[in-house]
Amino acid sequence: MSPLSSVLPTVHCDTQDGPSSFTGSALKSVRNVVSVPESELKRWRRVFDANANVVTGGEKFLDPESFVNAIAPRGDLTKIGRAQFAILFRVADASKRGLVSWEDFTVFETLLKRPDADYWIAFQYFDVDNSGTITFDEFKNVFTANVDSSSIPFDFDCDWVKLYLGKKNGTHVLGYNEFTQLMKGLQGERLRQAFKYLDRDEDGFIRPDQFKQIILDIAGHKLSDAVVERLPTLCTLTPGGRISYSEVVAFYNVVRVSEFGDSIIREATAKSRDGRIDQSDFLNHSAASSRYALFTPMEASIIFHFAGRGSGDRRLALVDFAQLLDPRWRAPHEELQAKATTSGASFSQGLLHSAYNFVQGGIAGASGATIVYPIDMGDMQNQRSTVVGQMLYKNSIDCAQKIFRNEGFLGFYRGLGPQLIGVAPEKAIKLTVNDLVRGRAMDPETGRITLGWELIAGGTAGGCQVVFTNPLEIVKIRLQVQGEAAKVEGAVPKGAVHIIRQLGLLGLYRGASACLLRDIPFSAIYFPAYSHLKKDIFQEGYNGKQLSFFETLGSAAIAGMPAAYLTTPADVVKTRLQVEARKGQTHYKGLSDAFVKIYREEGFNALYKGGLARVLRSSPQFGFTLLAYEYLHKVCIDYPWQEKPPQVQTALTSRQDDMAKIRARNALKILLDVHGDFGRRAVGFTPPLIPSPSRKSASK
């Protein structure tokens, strides 16, 4: 039989007098094969050649195992076993010879490009004789061949089946469109029949173990082991110790629309102030995000019952719902206990991690400082005291022009060496301390931190950096000032070593109070603003989103604007205290004296001199610094032993696989809805006896 016969069926019950939409779709698929881009064919060929391990007559073929390797998604987030993908081998093996040729493989990959590939492949699996229709006997034989004898029996003589397939002996056949609707409603009918079968007393209740049996038959592959073990506890929602039909249906609806529940839970917890929600929050957000209620109060109570591990009245974090959303879920407490045996080295690991962050912070800080150093030079010069009767610089532009005229282009980088030597520990300690305090104050389940702790973390980081910042800046400022003085007064420039010896240890911390007054509020403003810009404006982490290059740069740069400008007065005072006053310049005794004298002699605006230049310097400097720091952490050199907080991985957050593999997985899911073990028994299943073509034609 030609491989194209599986794509282009000739008979089906939907046929009208003219060409059917089914045939038209098949023809469209064949045309797509012809128009497939060469790169796609090459990719298919590469996959085929890499997995084909059977050679017959000089031609390569895929056997069932190598076929699974070629089509199965990597890192699948479901409990579907790779061996179960062998079910699809029978669809791809159009010649029924137990091997898939290159031609068969291209036809199968083309089928996977169809938007309805999942239902189409499921249809072909049931259409044993490839006639384009499914008879009653075909449906029953394939169904029973894949359902274990110990499973709850399915009554094929029920009214529901008759609506689709006619009477027991088959007076009607299923076309493709009818089949898709039958498969969509099959689980609901199996649920109804299973409950009726087990409810021998016909009182509308079953035992907890019977409920577990029903759910394992129809949806076990969609549930985590933790939820499966807790299935009998559903009886605790109402008195009596048994489970009603309405509760069984409610649980089934929760599983059936779990993707909608996933989205609602993520959005609701993201918008919650504490990262937690209760049943009212869930129902309110569900109603607000859709035109009609997706979940009933009973369904909401079931969700919170299993997420709260029996305590449905608590406020729950996203990680609590993971056991309902991720079939591979393990309890965070179990994972922590598993790691408890190695916790003896936790202190040393924490120390190593902080050192690792320190090095990365230094590299990132040096990068940012180099980029903006010319702006910093102009900022400092413009903030200097005026000589009595003489205005040194009119504004930032005038300052830049005079530096270039007096010292040339290299004048903008005078003092860069000591800056780079000192900026590594300065920025490193700021970033490391902020991360350290935030990590200790963060809720381990929600990943949230209160605004108060954000301010404390930032302020602590700013205060700690002064240990390095103050000596660095006083040396840098005096190196920058003497360059201009050498041109005006003919003085001989002196090196950084001479300045350090001249100042002494205590002199290096001159103006430290003003430095603290600047750096503590700066960091207390900057880091919370940066965090909230990423999370609230650019939606970092929402459905697994990672910020782009420009979003990260924008967050870091924008956060630096208010932090830089609002702390300009403290920076002006610090500069005046650290500059070596020359003849004719005002001398300052201390922090308060500097504030008073600047205000009296130069007015309020003098406290914000260089404010614009400071914004222009700090904004890009911290933008590039944090950008480098983030990328060093996340992309380039991630800490190899870092313990990351638990993540809830679902279809919303998983990395998108190749669409063909996703559709192959979805086709298998449709078949697994028939029974959770579908395919495990049928891997070696041979097609049963089916009605002859003449009988099938007569039945139409």
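This one's a predicted model, so the numbers in the text were calculated from it and none came from an experiment.

A. Layout of the overall build of the protein. Broken down by element type, the protein carries 29 helices and six strands. Relative to its full complement of 700 residues, the protein shows a buried share of 50%. Taking contacts inside the protein between residues at least 6 apart in sequence as the whole, the part at least 24 apart equals 73%. Roughly 33,300 Å² of accessible area belongs to the protein as shown, and the carbon and sulfur atoms make up 58% of that amount.

B. Examining the packing of helix H23 (residues 512-537) against helix H24 (residues 549-566) more closely. It is the contact of H23 with H24, at a shortest axis distance of 8 Å, that shows an interaxial angle of 150°. Relative to H24, the element H23 is oriented roughly antiparallel. In this structure, H23 meets H24 at a crossing whose hand is right-handed. Mapping the contact onto sequence places Phe522, Ile525, Tyr526, Ala529, Tyr530, Leu533 and Lys534 in H23 and Thr552, Ser555, Ala556, Ile558, Ala559, Gly560, Ala563, Ala564 and Leu566 in H24. Of the residues in the contact of H23 with H24, the class split is twelve nonpolar, three polar and one charged.

C. Inspection of the packing of aromatic side chains at higher detail. On inspection of all chains with the given rule, the structure shows 32 aromatic pairs. Clustering of aromatic rings is evident, with ring pairs tying together Trp120, Phe123, Tyr125, Phe126, Phe136, Phe139, Phe143, Phe154, Phe156, Tyr176 and Phe179. Here Arg45 stacks its cationic end above the ring of Trp102, 4.5 Å away from the centre of that ring. One residue, Arg200, lies across the ring of Tyr197, its end atom 4.7 Å from the ring centre.

D. Representation of the side chain of Asp63 in the model. Considering the arrangement of structural elements, one finds Asp63 in the loop between strand S2 (59-61) and helix H3 (64-71). Looking at Asp63, its side chain comes within polar contact range of the side chain of Ser66, at 2.6 Å. The residues contacting Asp63, other than those within four sequence positions of it, are Asn53, Val54, Phe89 and Leu99.

E. Inspection of H23 at higher detail. With 26 residues, H23 extends 36 Å between its outermost C-alpha atoms, agreeing within 8% with the 38 Å of an ideal straight helix rising 1.5 Å per residue. Gln539 lies just past H23 and shows a positive phi near 60°.

F. The environment of Val254, seen in detail. Structurally, the position occupied by Val254 is in helix H12 (residues 245-256). Classification of Val254 by relative accessible area gives buried; the value is 8%. Aside from chain neighbours lying at most four places away, what touches Val254 is Glu299 and Ile303.

G. Representation of the nonpolar core. Membership of the largest hydrophobic core comes to 57 residues, with the highest contact counts inside it found for Phe67, Leu88, Phe105, Phe108, Phe126 and Phe139. At seven residues, helix H6 (residues 117-126) tops the list of elements feeding residues into this core.

H. Quick peek at the pattern of salt bridges. Scanning the model with the defined rule gives 20 salt bridges in all. Arg207 is the partner of Asp209 in a salt bridge, and the nearest nitrogen-oxygen pair spans 3.0 Å. For Asp209, a relative accessible area of 44% puts it in the partly exposed group. The partner of Asp519 in a salt bridge is Arg518, with the nearest N and O atoms 2.8 Å apart. Taking relative accessible area as the criterion, Asp519 reaches 4% and is therefore assigned buried.

I. Here's a closer look at the environment of Ile500. Looking at the element boundaries, Ile500 is found in helix H22 (residues 496-507). Separated by 26 residues in the primary sequence, Ile500 and Ile474 place their C-alpha atoms 9.3 Å from one another. Excluding residues that lie within four positions of it along the chain, Ile500 makes contacts with Val475 and Leu508.

J. Layout of unusual backbone geometry. For Asn130, which is not a glycine, the phi torsion comes out positive at approximately 55°. With respect to the element layout, Asn130 can be found in the loop between H6 and helix H7 (136-145). The class for Asn130 is partly exposed, based on a relative accessible area of 21%. Here the phi dihedral of Gln539 falls at roughly 60°; this positive angle occurs in a residue that is not glycine. Topologically, Gln539 is positioned in the loop between H23 and H24. Residue class for Gln539 comes out partly exposed when judged on its relative accessible area of 33%.

K. Spatial organisation of the confidence of the model for the protein. The share of residues in the protein with pLDDT of 70 or more is 73%, and the mean pLDDT across the chain is 76. Note that residues 1-23 has pLDDT below 50 and, in this model, 46 contacts with residues that lie over four places away or in other chains.

L. Looking closely at the packing of H3 against helix H5 (residues 102-111). Put simply, H3 and H5 touch, their axes get as near as 13 Å, and they point 40° apart. In this structure, H3 meets H5 at a crossing whose hand is right-handed. Residue-level inspection shows Phe67, Ala70 and Ile71 of H3 in contact with H5, the latter providing Phe105, Phe108 and Glu109. Among the residues forming the contact of H3 with H5, the class breakdown is five nonpolar, no polar and one charged.

Definitions and limits used
- Residues numbered from 1 in each chain as written.
- Predicted model: local features only at pLDDT ≥ 70, side-chain atom pairs only at ≥ 80, totals over all residues.
- Heavy atoms only, no water.
- Helix = DSSP H or I, 4+ residues; strand = E, 2+ residues; numbered from the N terminus.
- Buried < 20%, exposed > 50% of the residue type's maximum accessible area, 1.4 Å probe, protein only.
- Contact = heavy atoms within 4.5 Å.
- Areas by Shrake-Rupley, 256 points an atom, 1.4 Å probe, with all protein chains shown as cover.
- Axes fitted to C-alpha atoms, helices over the stretch in contact; angles between N-to-C directions.
- Parallel < 35°, antiparallel > 145°, perpendicular 65-115°, else oblique.
- Left-handed = near helix turned anticlockwise from the far one by under 90°.
- Nonpolar A, V, L, I, M, F, W, Y, C, P; charged D, E, K, R; others polar.
- Phe/Tyr/Trp six-rings, centres within 6.5 Å; stacked < 30°, edge-to-face > 60°.
- Lys NZ or Arg CZ within 6 Å of the ring centre and 35° of its normal.
- Polar contact = N/O pair within 3.5 Å; in protein donor to acceptor, adjacent residues only side chain to side chain.
- Expected span 1.5 Å × (residues − 1).
- Core = buried A, V, L, I, M, F, W, Y, C linked by side-chain atoms within 4.5 Å.
- Salt bridge = Lys/Arg side-chain N within 4 Å of Asp/Glu carboxyl O.
- pLDDT = per-residue confidence, 0-100.

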